[in-house]
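Each chain, letter by letter, is given below.
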Amino acid sequence: MLAQSKWRGYGGQSRHWDESLEAFTLISALAASTDTIQLYASVGVRAFHPAIIAKMAVTIDDIAPGRFGVNIVAGWNAYEYEQMGMWPEDGYHKYRYAYAEEFMQVMNKLWETGRASHQGKFFTLDDCKSYPTPGHKLPIVCAGQSDAALAFTAKYADIGFVGRIYETPEGLGALNARLQAKAAEHGRKVGAYALLNIIAAPTDAEAKARQDDFLAHADHQSIAEWLKASGRDPSRTSHELDHVRQTFMGFPFVTASYDNVARHLDAIADQGVAGVCLMFPDYVPDLEAFITHVLPQLASRRPRAPTERYRH
């Protein structure tokens, strides 16, 4: 379960994401009330100091040892942060991954040793203490397909979300190869996870009818607001924005029968992609149907790897 960091929605008739719960608070509640599920909280690095997030993360990991990780969001939607006075200028888009890298450097110092002095471009710490330290490596997640995003993921993340315009198994495989090549430069491997909307039904025709119905009732006002925010990000190409217009928020659909959804996911796994982050239009019944009808057919399903421990 991954909780997103969202401070401003896109309005429209559906009030898309206008109401959302704060990620770390939500995940801490889930940590206390679950036993086995992996939990990830997203942090927009523009909105928090890394020492604060380092302490919050260790607190949740203390509640649910080995089940918690952090999703790093470098930040692209200027409107979210401008409303709080946390967006310095439009130029931030160009150096956001340098900012995120220094954010990670500070957090890693505090997690590994419990104290840090740091004099950087964006953060200054004077013998900052943060105890307890985690007893194991906290997994890091991030997302992005740009060269800067892949470079950051390759250096710092354990999981990198990929997708959008690379929706075919072959496209995702090529993107994964780029990510692994960059990770190999640091002697690392990163698990590429595809971002997918699943629209499934007993037959292909029924699944297609569901998708057509969703698209026929799309909230074009909120989509326009999403595109307005995306247009301020110079890293988004016109090709990607056109793709977003066609797919209504940009995340690829896998629209098929339960059998063919399973085959599609296996085809993605055959390309070396490590996993998937799934979204469902009607969350609870769609998730239950996926568990019942798709999961048993997946030849590519793998057990979760044990948590890597810090070596002090």
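Quick note: structure is the one above.
Residues numbered from 1 in each chain as written. Predicted model: local features only at pLDDT ≥ 70, side-chain atom pairs only at ≥ 80, totals over all residues. Heavy atoms only, no water.

**Q** Mind showing me how you'd approach the environment of Ala183 here?
**A** For Ala183, the location among the structural elements is in helix α6 (residues 169-184). In the structure, Ala183 is positioned 27 residues away from Tyr156 in sequence and 9.1 Å away in space, judged by C-alpha atoms. Among all residues touching Ala183, those that are not within four sequence positions of it are Ala154, Arg188, Lys189 and Val190. (Helix = DSSP H or I, 4+ residues; strand = E, 2+ residues; numbered from the N terminus. Contact = heavy atoms within 4.5 Å.)

**Q** Teacher, can you tell me more about the side chain of Glu80 here?
**A** The residue Glu80 is located in helix α3 (residues 78-82) in this model. A polar contact is formed between the side chain of Glu80 and the backbone nitrogen of Trp7, at a distance of 2.5 Å. For Glu80, the contacting residues outside a window of four places in its chain are Ser5, Lys6, Trp7 and Arg8. (Polar contact = N/O pair within 3.5 Å; in protein donor to acceptor, adjacent residues only side chain to side chain.)

**Q** What am I meant to see in the packing of helix α1 (residues 23-33) against helix α2 (residues 50-63) here?
**A** Axis angle and axis distance: for two packed helices, these are the angle between their axes and the distance between the axes, and together they describe the pair. Running from amino to carboxyl end, α1 crosses α2 at an angle of 15°, the nearest separation of the two axes being 8 Å. Viewed along their axes, α1 and α2 adopt a mutual orientation that is roughly parallel. Like other packed secondary-structure pairs, α1 and α2 cross with a definite hand, here left-handed. Listed contacts from α2 to Phe24, Ile27, Ser28, Ala31 and Ala32 of α1 are Ile53, Met56, Ala57, Ile60 and Ile63. Considered class by class, the residues forming the contact of α1 with α2 number nine nonpolar, one polar and no charged. (Axes fitted to C-alpha atoms, helices over the stretch in contact; angles between N-to-C directions. Parallel < 35°, antiparallel > 145°, perpendicular 65-115°, else oblique. Left-handed = near helix turned anticlockwise from the far one by under 90°. Nonpolar A, V, L, I, M, F, W, Y, C, P; charged D, E, K, R; others polar.)

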